[in-house]
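Here are the chains, one letter per residue:
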Amino acid sequence: MIRGVIFDMDGVLLDNLEYHLEAFRLFGEEQGRLLTTEAIQAVFGRKNWDMLEALLNRPLEKDEADRFADRKEEIYRQLIQSELLETVVEGLPEFLEALERKGLPMAVATSGPIENVDMVFDGLGIRTKFSAVVTGEQVQHGKPHPEAFLTAAALLNLAPEECAVFEDSVSGIKAGLSAGSRCVAVATTHEEGELHTLSPHLVIRDFRNLHPDQLQDL
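Reading guide: rules and limits
Residues numbered from 1 in each chain as written. Predicted model: local features only at pLDDT ≥ 70, side-chain atom pairs only at ≥ 80, totals over all residues. Heavy atoms only, no water. Helix = DSSP H or I, 4+ residues; strand = E, 2+ residues; numbered from the N terminus. Contact = heavy atoms within 4.5 Å. Core = buried A, V, L, I, M, F, W, Y, C linked by side-chain atoms within 4.5 Å. Buried < 20%, exposed > 50% of the residue type's maximum accessible area, 1.4 Å probe, protein only. Salt bridge = Lys/Arg side-chain N within 4 Å of Asp/Glu carboxyl O. Pairing = 2+ DSSP bridges. Right-handed = clockwise from strand over helix to strand, strands pointing away.

A. Expanded view of the environment of asparagine 57. Assignment of secondary structure puts asparagine 57 in the loop between α3 (48–56) and α4 (62–80). With sequence-adjacent residues up to four places away left out, asparagine 57 is seen in contact with Arg33 and Leu52.

Structure representation (structure tokens):
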């Protein structure tokens, strides 16, 4: 039985891939590197440190990785903040309300920093709907490792098997499945056909026409 719901943030609460791609491209320009869309999407959903090492093709010391990650996320927030409402995945507000009425506790488990979570929660006015938040800084292992989802489930006082996970990235879907949760793939970052190959329990384009009771059938 599903007793709680865990959402990734980027690509699930927000259809914001283009803003992250542009932020990485601009960051790459600052570093004198051409970062292609294909290269960024191939590592999307991991912790920033992992992504940056892969994209820059070299190991990074922690101080350097933290500085680079902070700069990339600063660029991202500057790009999206004024357009935040336009990026909300369709049907999300109504679905969150429906989950709340059902009494299902909700958490966010994201690879991003807390500053991004605060921007989304406050910008969309949804902070009170979530009982727990797990960010990239709180876990040792990034997705596809299941640590973020295992931590979120524990914060909800639930077993991972009692949680439905909403994810958009390849690494995130693998993490949700590895955690033992029911996984719903959201086709914002990848095409539906590609997501089906990962064998999630359900693939959706957005939250329209999705009802909490459907989670019990996964």
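B. A look at the nonpolar core. Ranked by internal contacts, the top residues of the largest apolar core, which has 53 residues, are Phe7, Val120, Phe166, Phe207 and Leu215. With residues near it in sequence (within four places) discarded, phenylalanine 166 still touches Val5, Ile6, Phe7, Asp8, Val12, Phe95, Val184, Val186, Ile204, Phe207, Leu210 and Leu215.

C. Structural detail: the pattern of salt bridges. Counted under the stated rule, the structure contains 17 salt bridges. With a closest N to O distance of 2.6 Å, aspartate 66 and lysine 62 form a salt bridge. Here lysine 62 and aspartate 66 lie together in helix α4, a separation of four residues that amounts to about one turn. A relative accessible area of 30% places aspartate 66 in the partly exposed class. Exposure remark for lysine 62: the relative accessible area of 48% places this residue in the partly exposed category. A salt bridge links arginine 127 to aspartate 118, with the shortest nitrogen-to-oxygen separation between them at 3.1 Å. The partly exposed category is assigned to arginine 127, whose relative accessible area is 36%. What you see here is one network of salt bridges that share partners, running through Asp8, Lys143 and Glu167.

D. Structural context of the pairing of strand β1 (residues 4–7). Here β1 shows a buried face lined by Gly4 and Ile6 and a second buried face lined by Val5 and Phe7. Pairing analysis gives three bridges linking β1 to strand β2 (residues 106–109), with the strands arranged parallel. Note that in β2 the partner of phenylalanine 7 across the bridge is valine 108.

E. Expanded view of the pairing of strand β4 (residues 163–167). With five of five residues buried, β4 is to be regarded as a mostly interior element. As judged from the four bridges shared by β1 and β4, these two strands associate in the parallel manner. Paired with isoleucine 6 across the two strands is valine 165, which belongs to β4. Note that the unit made of β4, helix α8 (residues 170–178) and strand β5 (residues 182–186) has a crossover that is right-handed.

Spatial relationships are all this shows, so hold off on functional conclusions.
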